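# Reading the structure
Here is how the chains run, residue by residue.
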Amino acid sequence: MNTLEWFTQILEVGAALAAAPLFLGWVGQCRAWLQNRRAPSIFQVYRGIRKLFHKDAVVATRASPLFRIAPYIVFGTMVAAAAIIPSMGTRLPFASAADAIALVGLFATARMFLALAAMDIGTPFGTLGARREMMVGFLAEPALLMVIFVASLISMTTALPLISERLMTQALSLSPSLAFTAVAFTMVLLAENARIPIDNPATHLELTMIHEAMLLEYSARHLALMEWAAALKLFNYACIGFALFMPWGAATGEAGPLGLLAAIPVLGVKLGVAGAALALIETVSAKLRVFRAPEFLATAFLFAVLGLLVHILLGA
Amino acid sequence: MPATPHGPLTLILLLLCVWGLIGVTGLVRLDSIRFAAAWLFPMGAVIGLTVAAAGLWALLGSPASAAAPHCLLQVGLPNLPVHLRLDALSSVFLILLGGVACGVSTFASGYFRKHQGSPPGLVCLQYHVFLASMGFVLIADDAYAFLVAWETMAVSSYFLVITDHRIAAIRSAGFLYLVIAHAGALAILCAFALMQSGAGQSTFDAMRAAALTPVGAGAAFLFALVGFGAKAGLVPFHVWLPEAHPAAPSPVSALMSGVMLKMAVYGMLRVSFDLLTGLAWWWGLVPIAVGLFSALYGIVFAAAQTDMKRLLAYSSIDNLGILFTALGLALVFHGVGMPTLAALALLAVLYHSVGHGFTKSLLFLGTGSVLHATGERNLGRLGGLIHRMPWVAWLTLIGALAIAGLPPLSGFVSEWLLLQAFLFSHEIPHTFVNMLLPLGAGLVALVAALAGYVMVKFYGVIFLGQPRETGLALAHDPGFGERAGLAWLALACVLLGLFPAQVSAVLQRVGAQLHVGVLDVDRAPWWMLVPLANRQASYAPLAFLFTVAATVVLTLLVVRRLYRRHERRAPAWDCGFGSLNARMQDTAEGFGQPIRQLFEPFFAMRRHLPSPFDAAPTYRVDIGDRIWNFAYLPLQTLVQRIAGGFAWLQQGRIALYLIYGFVTLVVLLALVL
């Protein structure tokens, strides 16, 4: 079985790398349909990344080595995160290197490097974006940890594949604590991935942008890596959501190669549904002012806490 | 390891005396900076390294039972010998002391310059006495020896804080420190007095054997918490920290923040897990509550600071709060009879103590280098130093990432251990407590995430962006000694982060020896930390780092190979307006603004806004501490009023004072006879 486990590992990382831009393209397409626009191709994100890779890089005169290494580090952390999250199979050799808490730490590392790189040039936009990103980050991180706590309490472990396996064996009923935390997680996902109520991925309006403001000085291959890392982050978050709230269909230890094979279309369906739902949320909600973001994320935190209390009180 | 039972203790005693001797040698050539820098501080660094090695020797050689080497010294008052003892707990903190002192002394050999304050020989004496006294605090085994060492530590550090004593603000910062240190020492004295429970014995052995009533134990615990909390800078005793740390020279702030604050943690651990008997489990909730509040308070204030050393001082309050939270959690687990989890929380305390000791020293020394190179402590006048001071910048980055609790560095390991411990706090068999404690984990996570915010501000404003003053173009990296000191501390942060299993296996001997509990961290593969075998939580920073590093290298190679495109350097895009100047960057105030807005109730803010008719408009915001305004200012007025009331006693005539003495004598005689 060991070869199968390593194969699962490689397949998951490879799938994440390949499918992340596709997922982002799908979300964009759904959004366009919902808004009565003509949709761009689902492969648009790939085209963008490819175009950027082929360009000459322009680096600001004042850039330090930190600015140039940051895209690689951010990309590397996102790949490492993809290796931990059980998207198709739960038997991952690498997953024991980091549990869910370490995964949150990994995202925090990426965020920190992104913010530091944004401050490196010393333009007003970069520092503004870094400040706002860190503000959203410090509010979202506790909420995400509380979500993970609830799932860990139910499954008695913080290892993400084991959480997923143990939740899978539960009956297909909606446990109230998980329902609360699912709402909380969705809100964290929107905030952490610069989606609409917090940030708008489609605009460069300086009053509102967060993520894009940090990337303004990047170009060509550096920007391509940053965009790819952002797509990977969204993909990773979606997969964390699947692992916690809809783990059914992923290949467990006994499933064998056939189980893994069956898990691939299941993941595709989940991603399709999640992408459509994400587009729907983004279409029906409006962007919040920056200082409403704390309220939004405090609500997410409270939902997670509610889930925790419900679990401890009712044991469900 | 073949060790005579007294081996390490004798060695450490000897080394501490050598530290004292080095200090006294400084007096020989009082005004020679070169003598102190070339000989005394490097020697002190070597002694520090030896102390750390001896501590490690003692720790590895220490038996699992409580039979630690004792030693009696017949010095001091007659019939009151000094008891010394070296057990696993002392050894861990001795390793911290020695290791940090090694780095700081190496740094200090290049740091001190000619200035207006105390002569270098005197600073050398105070510095080494400070180091030796901290060592004696750790090996003291009776209340007298402990308090004498504790007070020597306080007084020597006071003199170090006021090295630049010609500046009035520094003198008053030192005075505030001295007052709070003494109030704390008084509380510790009361705690010891309660713990010996009327036996009249001041040895720690007598305290271990004493049978205390629950009320007595609780009172002793509270006194100890007040006393050690004052030293640790827990709210509301935190006010001295942000004043004293910026006032002191950077190596001294590094030692105070990195090591001396940990002496308070040591004292609290010693009292609550070793000396105090019969403590009810729920007393552990007090340090948890105080610690969590201090942590939040400290980090929120750190985010609003504009002085880089004040920012770090507030960050120390945050970290000490986290330490006391973990300590309280360990006490609760210990009290309700959950030994494994108690050992886990205790391990988090020790790991964070050691990790924070190295990290915070690194950051303080980094600010010291910046201060020397630029003469500026205000974040608003720095910026872009990564180009001018690459060594300091990259080494400080390691410290900043470690303090922010990011994997794979040291800060993350302790945070991870603490969160794991919190995660299982719902198993405590007491309702309400088991519901409220997991929420503490949310607060710990919030504080950790805020620490990331603060560190982006700290690092970004000092080292990144454009220089905010023209003078910064002349800044340059420090000399070899300072760089070596920084590199040593950074290395410790990295190693503590990368080998958590090995470090935990060593540190958890403390828990075993104090009968708190044992973890089976040895059973996992060597590169993986698995503190609780049956919970399947694991963390392997090496695998982690390897994956990220491999991806980075691979991506770099692939991108280079496939897209051999040119790179052009151009000025940053200025939207066509021209002149993108340094004033357009976020200032330190600006970066702290979201925190000021979100946590407004914490601050006593006074804003000065310009009116439209001002010829020279200025914007100013003063951030005050509500606790200072509400608690300390009234106290100060009260003390002054009482003192004013007694002032008529002081008439300035010697005859009157002789009469006072005579009257006192008569009254005393009347009482005795």
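Residues numbered from 1 in each chain as written. Chains lettered and ligands numbered in written order. Predicted model: local features only at pLDDT ≥ 70, side-chain atom pairs only at ≥ 80, totals over all residues.

## Some points on the overall build of chain B
Rules: Where helices and strands are cited, they refer to DSSP runs of H or I of at least four residues and of E of at least two residues respectively, numbered from the N terminus. Note on method: radius of gyration uses C-alpha positions; expected globular size equals 2.2 Å times residues raised to 0.38. Each residue is classified by how many other C-beta atoms fall within 10 Å of its C-beta atom, where C-beta atoms are placed from the backbone; a count of 20 or more means buried, 12 or fewer means exposed, and values in between mean partly exposed.
Looking only at helices and strands, one finds 23 helices and five strands in chain B. Its C-alpha radius of gyration of 26 Å places chain B within 12% of the 26 Å reference for a compact globule of 673 residues. For chain B, the spread of C-alpha atoms along the three principal axes comes to 95 × 70 × 55 Å. Counting over 673 residues, chain B shows a buried share of 55%.

## Digging into the overall build of chain A
Keep this limit in mind: Contacts are defined on C-beta atoms placed from the backbone: any two residues whose C-beta positions lie within 7 Å are in contact.
When its secondary structure is counted, chain A shows eleven helices and one strand. Against the globule reference of 20 Å for 316 residues, chain A gives a C-alpha radius of gyration of 19 Å, in line with a compact fold. In terms of overall dimensions, chain A has a C-alpha envelope of 55 × 45 × 40 Å along the principal axes. Of all intrachain contacts in chain A linking residues separated by at least 6 positions in sequence, the fraction that spans at least 24 positions is 81%.

## Focus on the environment of Thr306 of chain B
All names here are of chain B. Assignment of secondary structure puts Thr306 in the loop between helix H11 (285–304) and helix H12 (308–335). Along the backbone, Thr306 and Ala345 are 39 residues apart, and their C-alpha atoms lie at a distance of 34 Å. Aside from chain neighbours lying at most four places away, what touches Thr306 is Asn378, Leu379, Gly380, Ala588 and Glu589.

## With respect to the packing of helix H7 (residues 176–192) of chain A against helix H9 (residues 220–245) of chain A
All names here are of chain A. Here is the rule: Angular values range over 0 to 180 degrees, each being the angle between N-to-C directions of two axes fitted as lines to C-alpha atoms, with helices fitted over their stretch in contact. Oblique is the label for any angle not covered by the other classes, which are roughly parallel (under 35 degrees), roughly antiparallel (over 145) and roughly perpendicular (65 to 115). Gly is placed with the polar residues, together with every amino acid not listed as nonpolar (Ala, Val, Leu, Ile, Met, Phe, Trp, Tyr, Cys and Pro) or charged (Asp, Glu, Lys and Arg).
Axis separation between H7 and H9 bottoms out at 11 Å; the angle between their running directions is 175°. Taken as axis vectors, H7 and H9 run roughly antiparallel relative to one another. Here Leu178, Ala182, Phe185, Leu189 and Glu192 of H7 lie close against H9, whose contacting residues are Tyr237, Gly241, Leu244 and Phe245. Here the contact of H7 with H9 is composed, by residue class, of seven nonpolar, one polar and one charged.

## Describing the interface of chain A and chain B
Between chain A and chain B, the residue contacts involve 71 residues of the former and 66 residues of the latter. At the level of elements, strand S1 (57–60), helix H3 (65–84), helix H4 (100–120), helix H5 (124–155), H9 and helix H11 (293–314) of chain A are the ones that each hand at least two residues to the side of chain A that touches chain B. Of the residues forming the side of chain A that touches chain B, the biggest block, 16 residues, is contributed by H5 of chain A. Residue classes in the side of chain A that touches chain B are distributed as 47 nonpolar, 15 polar and nine charged.

## Here's the deal with helix H15 (residues 390–403) of chain B
Residues and elements named next belong to chain B. To be explicit about the condition: Here the expected length of a helix is defined as 1.5 Å per residue gap, with one fewer gap than residues.
Between its first and last C-alpha atoms H15 spans 20 Å; for 14 residues at 1.5 Å apiece the expected length is 20 Å, and the two agree. By the criterion of burial, H15 is predominantly enclosed, with ten of the 14 residues buried. Immediately downstream of H15, the backbone of Gly405 shows phi near 70°, a positive value.

## Here we look at the environment of Val506 of chain B
Position of Val506 of chain B among the secondary structure elements: in helix H19 (residues 500–513). Separated by 416 residues in sequence, Val506 of chain B and Ser90 of chain B place their C-alpha atoms 13 Å apart.

## Description of the pairing of strand S4 (residues 603–608) of chain B
All names here are of chain B. Applied cut-off: For two strands to be treated as a pair, DSSP must find no fewer than two bridges joining them.
Within S4, only zero of the six residues are buried, which leaves the element largely exposed. Bridging between S4 and strand S5 (residues 620–625) involves six bridges; their strand directions are antiparallel. By the bridge assignment, Ala604 is partnered in S5 with Gly624.

## Overview of the packing of H5 of chain A against helix H17 (residues 433–463) of chain B
Note the following rule: Crossing chirality is assigned from the near helix's rotation relative to the far helix, an anticlockwise turn below a right angle marking it left-handed and a clockwise turn marking it right-handed.
Between H5 of chain A and H17 of chain B, whose axes approach to 9 Å, the crossing angle comes to 160°. Between H5 of chain A and H17 of chain B, the interaxial angle falls into the category roughly antiparallel. Crossing of H5 of chain A over H17 of chain B shows right-handed handedness. For the pair H5 of chain A and H17 of chain B, contact is made by Ala130, Met134, Gly137, Phe138, Glu141, Pro142, Leu145, Met146 and Phe149 of chain A and by Pro438, Ala441, Gly442, Ala445, Leu446, Ala449, Leu450, Gly452, Tyr453, Val456 and Gly460 of chain B, respectively. Partitioning the contact of H5 of chain A with H17 of chain B into residue classes produces 15 nonpolar, four polar and one charged.

## Things to note about H11 of chain A
For H11 of chain A, built from 22 residues, the straight-helix expectation of 32 Å at 1.5 Å per residue is met to within 8% by its first-to-last C-alpha distance of 31 Å. The complete set of buried residues in H11 of chain A reads Ala293, Leu297, Ala300, Phe301, Phe303, Ala304, Val305, Gly307, Leu308 and His311 of chain A. Buried residues in H11 of chain A make contact with H5 and H7 of chain A together with H17 of chain B. Just downstream of H11 of chain A lies Gly315 of chain A, where phi reads positive at about 70°.

## Some points on unusual backbone geometry
The amide bond that connects Val235 of chain B to the next residue, Pro236 of chain B, takes the cis arrangement and shows omega of 5°. Tracing the backbone through its elements, the reader meets Pro236 of chain B in the loop between helix H8 (214–232) and helix H9 (240–247). Of note, the amide linkage connecting Pro407 of chain B to Pro408 of chain B takes the cis form, showing an omega dihedral of 5°. Examined against the element boundaries, Pro408 of chain B turns out to sit in the loop between H15 and helix H16 (410–423). Of note in the backbone geometry, Ala194 of chain A takes a positive phi value of approximately 55° without being a glycine. Turning to its location among the elements, Ala194 of chain A is positioned in the loop between H7 and helix H8 (211–215). C-beta crowding within 10 Å serves as the criterion here: with 20 such atoms nearby, Ala194 of chain A is assigned to the buried category.

## Observations regarding the confidence of the model for chain B
All names here are of chain B. Stated formally: Each residue carries a pLDDT score, the predictor's own confidence in it, on a scale running from 0 to 100.
When pLDDT is averaged along chain B, the result is 87; 97% of the residues meet or exceed 70. Note on residues 1–5: pLDDT under 50 across the span, and seven contacts to partners over four residues away in sequence or across chains. Listed scores for the predicted complex are pTM 0.93 and ipTM 0.93.

## Examining the environment of Gln201 of chain B
Residue and element names in this part refer to chain B. As for its placement among the helices and strands, Gln201 is situated in the loop between helix H6 (168–195) and helix H7 (204–209). When the C-alpha atoms of Gln201 and Gly471 are compared, they prove to be 62 Å apart, with 270 residues separating the residues in sequence. Setting aside residues up to four positions removed in sequence, Gln201 forms contacts with Gln196 and Ala206.

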